[in-house]
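Here is how the chains run, residue by residue.
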Amino acid sequence: MKIKVLTVSLLSVLSLNAFAENKVEKAVIDSNASYSSKYNLQDADEFKNAEKGFIAKPTGQIKNEQGDVIWDFDAFNFIKGQAPDTVNPSLWRQAKLNNNVGLFKVTDRVWQVRGFDLANMTIIQGNTGWIIVDTLTSKETAEAAIKFARQHLGDQKISAIVFTHSHIDHFGGALGVISAEELKQRNIPIVAPEGFMEEATSENIMAGPAMTRRATYMYGTYLPKNTEGLVDNGLGKAVAVGQIGILEPNQLIMQKEQKLNIDGLDFVFYNVPSSEAPSELTFSIPSLKLYNGAEILSHTLHNLYTLRGAKVRDTLKWVGYLNQALEQTQNSEVFIAQHHWPVWGQQNIQEFIKTQRDVYKFIHDQTVRYMNSGLNGAEIAEKIKLPPELDQKLYAHGYYGTLKHNTKAVYQYYMGWFDANPSNLDPLSPKDAAKKYIELAGGEANALKNAQQAYDKAEYRWAVEVLKHLVFNNPKNFQAKELLAKTYRQLGYSAEAATWRNFYLSGAQELQGVTPVKNTSGRLGLLIHTPTERFLEAMATNLDVENLKNENQCMNLVLTDTQENFSLRIENSVMLFDKYDSDRLPTNCPTLKLTKLLYLKLITGEVDASKVLFSKDSEIKGNPLKIGKFFSLFKKSSNGFPIVTRPEN
């Protein structure tokens, strides 16, 4: 995930001050209070579990080589006591539970490092060293986690690494745990599920700019860490922003159930593809009576569709894996996952898994029931409510995923974008529709008056609908933008889901002019392992057809270090490519030779095209101007585009 650090203009600083002082309306206070009366938010057992086995807590900051702060252990120290009016008390409880940061002993030979990143790092004592399960998001946080563990447990070498799945917060810090050089010398086992490398390196390539931008909203990347901003992410505190890398597995889990002895311990791995991630595994260690549910189980309702953007997940397949987990944990006394805190006791583990299974099954079945009765996704989301026996289990509440957007996900999985209403076959674009709606309302002043009345009645969802059209129609309408930001905050302050809160508050922030401008995330250590074809496929999507002028162009691309040869051509306003042996490349096209690393720097914008073309590290056969012309036909997408207003083009 490509993340940026926030810098702001004087206007933005003033906006942040206004943001911090915003009033919380009585309707929000009352709504939040209802959670305290409806649910047992003071359940001492869950807090005891989150604190159990505590050894030590870190303080201070983790910085990169340039001095940028990658992680601040003290940033969430404000989360204590009763929930403030600006935070849903159920979410505040989750934030307090996730605030149990540090090194914890889980059971004999097993520890977890929590709160160094969004995910956990699990440490298992082998016969000769530590088996590390998941390596966090960045090199810096993983390095700090290992150093902290060694400080309190002793200096042990790494005897194996297990990647549970293909999401970056579980493998991106691999090079902070062990260097590629040490790995080459010692050749320790690197275990991962089938398809891991392809999925891990290719995610976010094709739709990278859009996913990255949306992820900043979902994770509250630029929100201030305070009671009016970022308090939690449901799965953990936040996502680390640093150097990202990967290590290629040398042991793949390809069978439904696969036994391996790793450093003297017998593991039973379970392959669970196309569940929470395209490539994922869980495992048990029978001798320790321990089961690791990776991320198919956690102390929150997860996403069937993730708001940053992704393909909808197969609910029934996920339910099936949870059903299998019930069998796989028959003899387990300890459950751990790669987020949150453990569950102890066989009966508690079974109840935990059953509840999670039944929530997903309920969402699926009831969505399909209403879908087959003619309702669309939005209508179904308004109808479905969890039964009391599931609703009272707080670990099934939507702090990360939600009942509403998961319901829409199931509908989308089966029905797609179209709800069968002919009016929605060819609707106006958002900006064109906004113009018509404002005309229908009798102008901007009348629309703004209507929105204010809705706000005053605490009809915040209707208010944002009206204000959305106002801002789309005229992004310079300051009063509309201020009222929309104010309304977003009320919705954010009342949201139980951290992801919804972050989206609302990030929308308010964008309306106030806060714009991210500095990138501190390094991805070349990951991208170098991505198949070149994925980059060429993504490159084709950047063809600027409006300025193409019916031109046909071609060039050859030769990557000297990977010995790959591609012929690229533009015809009929699309870019196509073929892979060849070197002696079969078309002779009528100019050829650019360079290393894959230099090519990656070129397409990611780290180096300018003109410098590459005339660099001593590249070689050109044919006319360099034609190669320059070829690259000039592509327009790189920006991942800083507006969301709550619309892009200019």
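Residues numbered from 1 in each chain as written. Predicted model: local features only at pLDDT ≥ 70, side-chain atom pairs only at ≥ 80, totals over all residues. Heavy atoms only, no water.

### Focus: the confidence of the model for the protein
No. 1: Looking at the protein as a whole, the pLDDT averages 93, with 95% of positions reaching at least 70.
No. 2: Contacts of residues 1-20 to residues separated by more than four positions or lying in other chains number 52 contacts, the stretch itself having pLDDT below 50. (pLDDT = per-residue confidence, 0-100. Contact = heavy atoms within 4.5 Å.)

### Some points on the domain arrangement of the protein
No. 1: If you check the domain split of the protein, you get domain 1 (48-414), domain 2 (427-512) and domain 3 (530-633).
No. 2: Here domain 1 and domain 3 have C-alpha centroids that lie 39 Å from each other.
No. 3: Between domain 1 and domain 3, the residue contacts involve five residues of the former and seven residues of the latter.
No. 4: Summed over both partners, the interface of domain 1 with domain 3 buries about 510 Å², with 67% contributed by carbon and sulfur atoms.
No. 5: Per-residue buried area on domain 1 facing domain 3 is highest for Thr 201, Ile 205 and Met 206; these three make up 75% of the total on that side.
No. 6: The residue Glu 198 makes a salt bridge to Arg 534 at a minimum N-O spacing of 3.3 Å.
No. 7: If you look at where domain 1 meets domain 3, you find two residue pairs in polar contact (both at pLDDT 80 or more).
No. 8: Taken together, the residues that form the side of domain 1 that touches domain 3 break down as two nonpolar, two polar and one charged. (Domains from an automatic or database assignment. Buried area = accessible area lost by both parts, 1.4 Å probe. Salt bridge = Lys/Arg side-chain N within 4 Å of Asp/Glu carboxyl O. Polar contact = N/O pair within 3.5 Å; in protein donor to acceptor, adjacent residues only side chain to side chain. Nonpolar A, V, L, I, M, F, W, Y, C, P; charged D, E, K, R; others polar.)

### Concerning the packing of helix α2 (residues 26-38) against helix α18 (residues 478-494)
No. 1: Running from N to C, α2 and α18 cross one another at 15 degrees; their axes reach a closest spacing of 9 Å. When the axis of α2 is compared with that of α18, the two are roughly parallel. The handedness of the crossing between α2 and α18 is right-handed. Here Val 28, Ser 31 and Asn 32 of α2 lie close against α18, whose contacting residues are Gln 490, Tyr 493 and Ser 494.
No. 2: Looking at the contact of α2 with α18 residue by residue, the classes come out as two nonpolar, four polar and no charged. (Axes fitted to C-alpha atoms, helices over the stretch in contact; angles between N-to-C directions. Helix = DSSP H or I, 4+ residues; strand = E, 2+ residues; numbered from the N terminus. Parallel < 35°, antiparallel > 145°, perpendicular 65-115°, else oblique. Left-handed = near helix turned anticlockwise from the far one by under 90°.)

### A short note on the sheet that holds strand β10 (residues 190-193)
No. 1: Pairing is mixed in the open sheet, where eight strands are placed in the order β2-β5-β6-β7-β8-β9-β10-β11. Two strands bound the open sheet, and with one partner strand each, they are β2 (54-56) and β11 (251-253). Taking each pair of neighbouring strands and ignoring which way they run, the sheet shows an average axis angle of 25 degrees.
No. 2: Sheet analysis places β10 next to β11, joined by three bridges and oriented parallel. Within the sheet, the bridge partner assigned to Pro 193 lies in β11 and is Ile 253. (Pairing = 2+ DSSP bridges.)

### Regarding the environment of Leu 527
No. 1: Residue placement: Leu 527 occurs in helix α20 (residues 524-527).
No. 2: A relative accessible area of 5% means that Leu 527 is categorised as buried.
No. 3: Here the alpha-carbon distance between Leu 527 and Ala 485, two residues 42 residues apart in the chain, equals 37 Å.
No. 4: When near neighbours in sequence (up to four residues on either side) are disregarded, Leu 527 contacts Ile 205, Phe 535, Lys 596, Leu 600 and Thr 604. (Buried < 20%, exposed > 50% of the residue type's maximum accessible area, 1.4 Å probe, protein only.)

### Thoughts on the state of the cysteines
No. 1: In the structure shown here, the tally under the stated rule is one disulfide.
No. 2: Two residues share a disulfide in this structure: Cys 554 and Cys 589, whose sulfurs sit 2.1 Å from each other. Taking the sign of the S-S torsion, -105 degrees for the link of Cys 554 and Cys 589, the bridge is left-handed. Remark: Cys 589 occurs in the loop between β21 (574-579) and β22 (591-594) and Cys 554 occurs in strand β19 (residues 553-559); sequence separation between them is 35 residues.
No. 3: Classification of Cys 589 by relative accessible area gives buried; the value is 9%. (Disulfide = S-S within 2.5 Å.)

### Re the UniProt feature "domain: Metallo-beta-lactamase" (unreviewed entry) in the protein
No. 1: Under the feature "domain: Metallo-beta-lactamase" (unreviewed entry), the UniProt entry names residues 118-339.
No. 2: With 26% helix and 20% strand, residues 118-339 has its two end C-alpha atoms placed 7 Å apart. (UniProt positions renumbered as here; feature names shortened; annotations may be inferred.)

### Observations regarding the packing of aromatic side chains
No. 1: With the rule as written, the count across this model stands at 24 aromatic pairs.
No. 2: Here the aromatic cluster, defined as three or more aromatic residues joined through ring pairs, consists of Tyr 270, Tyr 291, Phe 335, Phe 352 and Tyr 395.
No. 3: Across from the ring centre of Trp 344, 4.1 Å away, lies the NZ or CZ of Lys 52, which sits over that ring.
No. 4: Above the face of the Tyr 370 ring, Arg 369 is positioned so that its terminal group lies 4.7 Å from the ring centre. (Phe/Tyr/Trp six-rings, centres within 6.5 Å; stacked < 30°, edge-to-face > 60°. Lys NZ or Arg CZ within 6 Å of the ring centre and 35° of its normal.)

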